[in-house]
Amino acid sequence: MNHYKFRLVKDRVAFLLVHLSLTLALIPLFSVLYEVVQKGISTITIDFFISPTPTVGEKGGGAANAIQGTLITIGLASLIGIPIGLMSGVFLSEYSEHRLSIIVRFFNDVLSGIPSIIIGVFAYALIVRSIGFSVIAAAFALAIIMIPIVTRTTEEALKLVPMSIREAAIALGVPRWKTVVTIVLRSAKKAVVTGMLLSIARIAGESAPVLVTMGYWRWWFAGLDRPAANLALNVFVFAMSPFESWIALAWGSALVLILLVLGINFAVRIFTRERY
Amino acid sequence: MAPKFEIEDLNAWFGTKHVLKNINMKIEENAVTAIIGPSGCGKTTFIRCLNRMHEITPGARASGKVLFNGLDIYGDGVDPVMIRRKIGMVFQKPNPFPMMSIYDNVAAGLKLNGVKNKKIIDAAVRRSLELANLWDEVKNDLNKSGASLSGGQQQRLCIARALAVEPEVLLMDEPCSALDPIATAKIEALIRKLAENYTVVIVTHNMQQAARVSDYTAFLYLGELMEYGPTKQIFENPKHELTEKYITGKFG
Ligand SMILES: Nc1ncnc2c1ncn2[C@@H]1O[C@H](COP(=O)(O)OP(=O)(O)OP(=O)(O)O)[C@@H](O)[C@H]1O
Ligand SMILES: [Mg+2]
């Protein structure tokens, strides 16, 4: 009986510790959310979604151009980064016996460890110096940040597909590449798409590499070879401005950015829900 | 009848490990050949050499000749993909495609090999499921996931999937090891039925099963073919002492 009581006490203590650490972990998350919602919600008017950045002294204004610019930049980055990441992931998982796979894996590991600002500087040297600050340069930098994420999640996802599934297809006389595309990728679809969405969420809020490749732009989108406005940079620039209304815009932009990332995470949740 | 396979000096390795040693045998057409032997003796490896599945394992290789309808499948310029279409395989563990419906599982081989005609596919799906004794159980659930079936049903689904592409040979690796006696009996009946039109090679650990379903039996031991002949002779009058010991369960 004593033994039993002792274990009950241990159980209680462990329970308390677990909940305590959970609370500790959630406090920063919720305080950030609370702060941003509380300060940002008043800015979120219709104007916020239809007007571009205000000029000095102008009343109102919004972040519509920043939302537009962010979506275009993320979209272009995804168009570049996702296919490359997907293909390297497939290569690493399905053709791991290939000599090149060591090199691909090495570069991928290195790439995922490079601070994003340095990737920005790299894109600056490569693209900004020839065509100037532009959406293309920013998207290129963001794509490079995406590639190792997509590569790794794709590789991990495909490795979880049992070998027996591949063998079943190969034994039916399906060529190897077709087995990979139709059977393996299809079996791992959820995890692969999850990785892609999370990589988008990851770059949505990047600011440093965007700053060095696109600079700050307060107007509407004007072409891929020109800069575009950006939510993360809105936060960065306006938060340090002297005007109340601009600081409010920073909070509003932060809120939209958080909602965007939350939305992507939510999409992941819905997408990965079991169907059978 | 001409033999379906003529195997000459077949050797197989995993890396430096020599697992099949100078196998010579002929496999008869439209008959059931059972491969028996203790665990690890090379049975799986042997049947995987017959449709060139062995080589997809990294580091695995084979040498020697395997004449299939008189053609050496290890010869120059032979496309293993074409060989595998003619020589189907059922694995030890049921492995239906998890993201596909029952219908798509059976249709997979045809669809992935470029057949588009819906009528042809429908007919092949029905014919294969009927042949595999599964049609009556699933005919109303063709759109359900293949993974939702029981183990025995999944194994019959895998058999139907292999049959749908109309192979000439069916290689089966312990197809009943995960099944109950009723499902086992169904699959054994199916194997007998298949033998009318197909050449069947079956690996089994179950001596009674080998005796019940096969026309010929091969006994493998440590990668060597110890004894091979008509099943009746192997079971009633084995030439090797080892064969007799194995069959009667005196070692293993
Ligand atoms: N992927 C592999 N890599 C290395 N060695 C292997 C591999 N697969 C099998 N082997 C070895 O090859 C030998 C033959 O294996 P095989 O799977 O053909 O045996 P088996 O007769 O089918 O056995 P069981 O009855 O247990 O299925 C064994 O010694 C095994 O350890
Ligand atoms: Mg085996």
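The preceding data block contains the structure.
As the structure is a computational prediction, the values presented were derived from the model and not from experiment.

Rules behind the numbers
Residues numbered from 1 in each chain as written. Chains lettered and ligands numbered in written order. Predicted model: local features only at pLDDT ≥ 70, side-chain atom pairs only at ≥ 80, totals over all residues. Heavy atoms only, no water. Phe/Tyr/Trp six-rings, centres within 6.5 Å; stacked < 30°, edge-to-face > 60°. Buried < 20%, exposed > 50% of the residue type's maximum accessible area, 1.4 Å probe, protein only. Helix = DSSP H or I, 4+ residues; strand = E, 2+ residues; numbered from the N terminus. Lys NZ or Arg CZ within 6 Å of the ring centre and 35° of its normal. Axes fitted to C-alpha atoms, helices over the stretch in contact; angles between N-to-C directions. Parallel < 35°, antiparallel > 145°, perpendicular 65-115°, else oblique. Left-handed = near helix turned anticlockwise from the far one by under 90°. Contact = heavy atoms within 4.5 Å. Nonpolar A, V, L, I, M, F, W, Y, C, P; charged D, E, K, R; others polar. Core = buried A, V, L, I, M, F, W, Y, C linked by side-chain atoms within 4.5 Å.

**Q** If you had to explain the packing of aromatic side chains to someone new, which residues and values would you point to?
**A** On inspection of all chains with the given rule, the structure shows 13 aromatic pairs over all chains. Residues A:Trp217 and A:Trp219 carry aromatic rings whose centres are separated by 5.2 Å and whose planes lie at 75° to one another, so their mutual orientation is edge-to-face. With relative accessibility at 13%, the residue A:Trp217 sits in the buried group. Ring centres of B:Phe5 and B:Phe68 lie 5.3 Å apart, and the angle between their planes is 35°; this geometry places the pair in the tilted category. Of this pair, B:Phe5 sits in strand S1 (residues 3–14) while B:Phe68 sits in strand S4 (residues 60–68), placing them 63 residues apart in sequence. Of the two residues, B:Phe5 and B:Phe68, neither departs from the other in class, the shared state being buried. An aromatic cluster of at least three residues, connected via ring pairs, comprises A:Tyr216, A:Phe238, A:Phe243 and A:Trp246. Positioned over the ring face of B:Trp13 is B:Arg61, at 4.2 Å from the centre of the ring. It is B:Arg161 that lies over the ring of B:Phe97; its NZ or CZ is 4.5 Å from the centre.

**Q** Describe the packing of helix H3 (residues 64–94) of chain A against helix H4 (residues 100–113) of chain A, listing the residues and the values that go with them.
**A** Residues and elements named next belong to chain A. Between H3 and H4, the least distance of the axes is 10 Å, while the angle of their chain directions is 130°. Comparing their axes, H4 and H3 come out oblique. Every pair of crossing elements has a handedness; the one defined by H3 and H4 is left-handed. From H3, Ser88, Phe91 and Leu92 reach across to H4, where they touch Leu100, Ser101, Val104 and Arg105. Looking at the contact of H3 with H4 residue by residue, the classes come out as 4 nonpolar, 2 polar and 1 charged.

**Q** Give a description of the nonpolar core that names residues and reports values.
**A** Counting 47 residues, the largest nonpolar core has A:Leu158, A:Ile183, A:Val192, A:Ile203 and B:Phe97 as the members making the most contacts within it. Those elements giving two or more residues to this core turn out to be H3, helix H5 (116–131), helix H6 (135–159), helix H7 (163–171), helix H8 (176–187), helix H9 (189–204) and helix H10 (208–214) of chain A together with helix H3 (102–112) of chain B. Ranked by residues supplied to this core, first place goes to H6(A) with 11 residues. Apart from residues no more than four positions distant in its own chain, A:Ile183 is found in contact with A:Ile165, A:Ala169, A:Lys178, B:Phe97, B:Met100 and B:Leu112. Counting residues in each nonpolar core, the second largest holds 43 residues, with B:Val138, B:Leu157, B:Ala183 and B:Ile247 among its members.

**Q** Kindly report on the packing of helix H6 (residues 151–164) of chain B against helix H7 (residues 181–194) of chain B, identifying the contributing residues and their values.
**A** Residues and elements named next belong to chain B. For the pair H6 and H7, interaxial distance at closest approach is 10 Å and the crossing angle is 15°. In terms of orientation, H6 lies roughly parallel with respect to H7. Crossing angle aside, the handedness with which H6 passes H7 is right-handed. Counted together, Gly152, Gln155, Arg156, Ile159 and Leu163 of H6 and Ala183, Lys186, Ile187, Leu190 and Leu194 of H7 form the full contact between these two elements. Its residues placed into classes, the contact of H6 with H7 shows 6 nonpolar, 2 polar and 2 charged.

Just distances and angles here, no functional claims.
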